[in-house]
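Each chain, written out:
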Amino acid sequence: RSFHVAIVGATGAVGETMLAILAERDFPVGTLSLLASERSAGGEVEFNGGKVKIQDLATFDPSGVDIALFSAGGSVSKEYAPKFAAAGAVVIDNSSAFRYDDDVPLVVSEVNPDQIGNRPRGIIANPNCSTMQMLVALAPLHRKYGIERINVSTYQSVSGGGRSALEELGKQTGQLLSFQEIDPQRFPVQIAFNLIPHIDDFLDNGFTKEEMKLVWETRKILGDDSILVNPTAVRVPVFYGHSESVAIETRDKVTVAEARALLEQSPGIEVVDRHEAGGYPTPVTHASGTDAVYVGRIREDLSHPRGLNLWIVSDNVRKGAALNAVQLAELVAAETR
Ligand code: A2P
């Protein structure tokens, strides 16, 4: 059978990629509804050789939608996801609006796909991009060796902040190279030729919300509240692809050879770990525009008997958002075959 699929936020950086990935993976789309704000309504987008009109979300009737992919920000999700669900759609929501609700599953397709059916509200949450790629790599290690603690520093590209953030990096880069003044709008300080240890809001404990997502979401997805996570999240002047320096401490000792063998046969992962120039993943050389989570620089921690270091890189707009959402849609579609 084919499905009536809606994309909410279809003109955004993630929404556009959702559409491209639906086509790439031959998702059985019967009817396609592309929704955005009234600012973009009436515009046209290509899909599978035809043209589809963008509609205004505010006046759209969701009856008949089977699967709705939301990526238009938390407040849009809070208002409209329950309406789509009430009209019978399964909502796959890329915002953080429902991620921490007990009755909303939070699913990485390679890690906890069995949770997908547990959706009393008809809403499934797509994890944060940084947590997504980290857990694709760490879940197999956790299952076999028991991860007790994770120290992670992220190097997050600007595309995680949407189209306006991509534009700001490009604009500032051009302005600075031509000796012009810049005027930061989308980021708190200059992002071009800089990096910023501040993503999302500061919380009372001194961590940012982006950092705490790594704590909360790791525990929920792995179903283990005992895992300790110590995160630092940093925005870097890269367009596409997040990188992470991750140091884990395991219950049972894991060697580099064992970790590599396990990761090489785990789904969604490509190990790139040669000790030579270019023998490691970077956002530009490996991740950008591709689907895998790349793992390199695998080393045993010099300072801990059961510690392992990894460098994890992936396209945050694809596996970190749009691709995982479409993979969840595929799991939902498979239920009704
Ligand atoms: P629009 O292009 O009409 O503003 P990004 O994350 O790249 O900034 O994209 C955000 C997406 O969410 C865009 O598709 C944007 O549509 C959409 N969006 C933002 N606010 C609303 C809203 N109030 N109603 C519907 N869509 C919205």
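Being a predicted model, the structure only gives us computed values, none of them experimental. (Residues numbered from 1 in each chain as written. Predicted model: local features only at pLDDT ≥ 70, side-chain atom pairs only at ≥ 80, totals over all residues. Heavy atoms only, no water.)

Colleague: Even after reading the chapter, I still don't get the nonpolar core, so can you show me in this structure?
Modeller: Note that soluble globular proteins tend to have their nonpolar side chains buried in a common cluster. One finds Phe84, Leu138, Leu141, Ile150, Val246, Ile248 and Leu310 to be the most contacted residues of the largest nonpolar core, which totals 55 residues. Top element by residues in this core is helix α3 (residues 129-145). It accounts for 9 residues. Beyond its immediate stretch of four places on either side in the chain, leucine 141 contacts Gly146, Ile147, Ile248, Val254, Ala259, Leu262, Leu263, Leu308 and Leu310. Membership of the second largest hydrophobic core comes to 34 residues, among which are Phe3, Val52, Ile67 and Ile124. (Core = buried A, V, L, I, M, F, W, Y, C linked by side-chain atoms within 4.5 Å. Buried < 20%, exposed > 50% of the residue type's maximum accessible area, 1.4 Å probe, protein only. Helix = DSSP H or I, 4+ residues; strand = E, 2+ residues; numbered from the N terminus. Contact = heavy atoms within 4.5 Å.)

Colleague: Explain α3 to me, please; I cannot follow it from the model alone.
Modeller: Because an α-helix completes one turn every 3.6 residues, residues spaced three or four positions apart along the sequence face the same direction. Helix length check: α3 (17 residues) gives 24 Å between terminal C-alpha atoms against 24 Å at 1.5 Å per residue, within 8%. Maximal helix bending in α3 amounts to about 40 degrees, located at leucine 138; proline proline 140 follows within four positions. Of all the 17 residues making up α3, 15 are buried; the element is thus mostly covered by neighbouring parts of the structure. Where α3 begins, one side-chain oxygen reaches toward the backbone nitrogen of serine 130, 3.1 Å away; that side chain belongs to asparagine 128. Backbone geometry just downstream of α3 places glycine 146 in the positive-phi region, at approximately 70 degrees. (Expected span 1.5 Å × (residues − 1). Bend = angle between axes of the 7 residues up to and from the residue. Polar contact = N/O pair within 3.5 Å; in protein donor to acceptor, adjacent residues only side chain to side chain.)

Colleague: Is there a simple way to think about the sheet that holds strand β6 (residues 90-93) in this case?
Modeller: Whether parallel or antiparallel, the strands of a sheet pair through hydrogen bonds between backbone atoms. Taken together, 7 strands build an open sheet; the order of strands is β3-β4-β2-β1-β5-β6-β7 and the sheet is mixed. On the outer flanks of this sheet lie β3 (44-47) and β7 (123-125), each paired with one strand and no other. Within the sheet, the average angular offset between the axes of one strand and its neighbour, ignoring direction, is 25 degrees. Bridge analysis of β6 against β7 gives 3 bridges, and the strand direction is parallel. The residue bridging valine 91 from the neighbouring strand is isoleucine 123, located in β7. (Pairing = 2+ DSSP bridges. Axes fitted to C-alpha atoms, helices over the stretch in contact; angles between N-to-C directions.)

Colleague: What am I meant to see in the packing of aromatic side chains here?
Modeller: Per the stated rule, a full pass over the model turns up 5 aromatic pairs. Their ring planes at 70 degrees and their centres at 5.2 Å tell us that tyrosine 100 and tryptophan 216 sit as a pair that is edge-to-face. Separated by 116 residues along the polypeptide, tyrosine 100 in the loop between β6 and β7 and tryptophan 216 in helix α5 (residues 209-222) bring together distant segments of the chain. Overall, tryptophan 216 belongs to the partly exposed group, its relative accessible area being 34%. Ring plane angle 75 degrees and centroid distance 5.3 Å describe the contact between tyrosine 155 and tryptophan 311, whose orientation is recorded as edge-to-face. Note that tyrosine 155 is positioned in strand β8 (residues 147-156) and tryptophan 311 in strand β13 (residues 307-314), a separation of 156 residues in sequence. Exposure remark for tyrosine 155: the relative accessible area of 35% places this residue in the partly exposed category. Three or more aromatic residues link up through ring pairs in this structure, and these residues are Phe60, Phe70 and Phe84. Over the face of the ring belonging to tyrosine 80 we find lysine 83, whose NZ or CZ atom lies 5.1 Å from the ring centre. One Lys or Arg, arginine 186, reaches over the ring of phenylalanine 187 and ends 5.8 Å from the middle of that ring. (Phe/Tyr/Trp six-rings, centres within 6.5 Å; stacked < 30°, edge-to-face > 60°. Lys NZ or Arg CZ within 6 Å of the ring centre and 35° of its normal.)

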